[in-house]
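Remarks on the overall topology
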Amino acid sequence: MNIQLLEPTEENFAIAANCVKNGGVIVSPSDTNLALTLDPWNEDAINRAFAVKNRPANSALTLFFLEPNDWKKYGEAVDEEIVQSLVDAFWPGPLNLILKKKDTVPDRMVCGGETVALGCLSNPVWRGFMGKLNKPVTMTSANLSGQADGVLVDLNLALNQVGQNVDYILKGEAQNTTKSSTIIDLTGTPYITRLGDITAEQINAVINIIPEMALTK
């Protein structure tokens, strides 16, 4: 099987978008890792992505959308002011927010769970592709499960580990980041579940309620 690399052009953004619309699985850039990218409402595509990664099929995926305020379509806030403050400060960017999910979130994507991780990215290649797609995607790093811990997935790693099993790879790299996205759980008292390049100090400057070392519940 030939690996189909797409240069970041308007024509190729449309090719990638049509592939995802039709149930395909592509690799696209993000603000951090290159990531498997697919339609969150297509269960066959989700099952295929799990198989490509050799990832347990009960691991929830993250939902990504183009417009920051679209979080309101998919997540329920315990405190809307806190969520909106973080959105205004850090989106688009490498921050994921965990919220109680609305019924608009497909159950298969979250493996039947009651919460959803949401993101909105700044990567210009990703945003160009998403502008042609006009719907959210779900994404997970483009590597075999457990085989890229502590490093960002770049083009070479994606090619070597999953390149033969996806439809296209849309070329583009992370935008000046060194770690995977910071994740904040906002389903109760806010806490940081993973620290990336967005620090606890930066988050506290916005909402001022997360202890600096509160990395786990």
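Presented here is an overview of the structure given in this document. Counting restarts for each chain: residues are numbered from 1 in the order of the written sequence. Given that the model is predicted, a residue must reach a pLDDT of at least 70 before its local features are reported, and side-chain atom pairs must reach 80 or more before they are shown or counted; all residues, however, enter totals for whole chains, interfaces and linings. Working from all heavy atoms in the structure, the side-chain values ignore hydrogens and water.

**Focus: the pairing of strand 6 (residues 95-101)**
- For each residue, the accessible area found with a 1.4 Å probe, counting protein chains only, is set against the maximum for its type, and the residue is called buried under 20%, exposed over 50%, and partly exposed in between. A run of H or I in DSSP counts as a helix once it spans at least four residues, and a run of E counts as a strand once it spans at least two, with each numbered from the N terminus. A large share of strand 6 lies buried, amounting to six of its seven residues.
- Two strands qualify as a pair provided DSSP detects at least 2 bridges between them. With two bridges joining them, strand 5 (residues 75-76) and strand 6 adopt antiparallel strand pairing. Bridge assignment links Glu76 to a residue of strand 6, and that residue is Lys100.
- Relative to strand 10 (residues 182-185), strand 6 runs parallel, the two being bridged by four bridges. If you follow Asn96 over to strand 10, its bridge partner there is Ile183.
- Relative to strand 7 (residues 115-119), strand 6 runs antiparallel, the two being bridged by five bridges. Looking across to strand 7, one finds that Leu99 is bridged to Val116.

**Details of the pairing of strand 7**
- With respect to burial, strand 7 is a largely interior element, four of its five residues being buried.
- Where strand 4 (residues 62-64) lies against strand 7, three bridges are found, and the strand directions are parallel. Each residue of the ladder has a partner; that of Leu63, found in strand 7, is Leu118.

**A closer look at the packing of helix 1 (residues 10-21) against helix 5 (residues 124-133)**
- Helix axes are fitted to C-alpha atoms over the stretch in contact, other axes to C-alpha atoms as well, and angles between N-to-C directions run from 0 to 180 degrees. Contact geometry of helix 1 with helix 5 gives a least axis separation of 8 Å together with a crossing angle of 60 degrees. In this view, helix 1 runs oblique relative to helix 5, as classed from their interaxial angle. For the element pair helix 1 and helix 5, the recorded crossing hand is right-handed. Of the residues in helix 5, those touching helix 1 at Glu10, Phe13, Ala14, Ala16, Ala17, Val20 and Lys21 are Val125, Gly128, Phe129, Lys132 and Leu133.
- Looking at the contact of helix 1 with helix 5, its residues break down into eight nonpolar, one polar and three charged. Note on terminology: angles under 35 degrees are roughly parallel, angles over 145 are roughly antiparallel, angles of 65 to 115 are roughly perpendicular, and the others are oblique. The hand of a helix crossing depends on one turn: near helix anticlockwise from the far one by less than a right angle means left-handed, and clockwise means right-handed. Here a residue-residue contact requires only that any non-hydrogen atoms of the pair lie within 4.5 Å. Charged means Asp, Glu, Lys or Arg here, nonpolar means Ala, Val, Leu, Ile, Met, Phe, Trp, Tyr, Cys or Pro, and polar covers whatever is left, Gly included.

**Points about the side chain of Asn143**
- Structurally, Asn143 can be placed in the loop between strand 8 (137-141) and helix 6 (155-162).
- On the basis of relative accessibility, which here comes to 4%, the residue Asn143 falls in the buried class.
- Polar contacts, as counted here, are pairs of nitrogen or oxygen atoms within 3.5 Å of one another; within protein the pair requires one atom able to donate a hydrogen and one able to accept it, and residues that are adjacent in sequence qualify only if both atoms are side-chain atoms. A polar contact of 2.6 Å, which involves the side chain of Asn143, links it to the side chain of Ser141.

**Section: helix 5**
- Every buried residue of helix 5 is listed here: Val125, Trp126, Gly128, Phe129, Met130 and Leu133.
- Here the buried face of helix 5 lies against helix 1, strand 2 (26-28), strand 3 (35-38), strand 4, strand 8 and strand 9 (168-170).
- Residue Asn123 occupies the N-cap position of helix 5, its side-chain oxygen lying 2.9 Å from the main-chain nitrogen of Val125.
- At the exit of helix 5 stands Asn134, carrying a positive phi of roughly 60 degrees.

**Notes on the pattern of salt bridges**
- A carboxyl oxygen of Asp or Glu within 4 Å of a side-chain nitrogen of Lys or Arg is what we treat as a salt bridge. Considering all chains together, one arrives at six salt bridges under this definition.
- The partner of Asp167 in a salt bridge is Arg48, and the shortest N-O contact between them spans 2.9 Å. One end of the pair, Asp167, is in the loop between helix 6 and strand 9; the other, Arg48, is in helix 2 (residues 43-53), and 119 residues separate them in sequence.
- The partly exposed category is assigned to Asp167, whose relative accessible area is 22%.
- Note that Lys101 is salt-bridged to Asp107, the shortest N-O span being 3.1 Å.

Read these as geometric descriptors, not functional statements.
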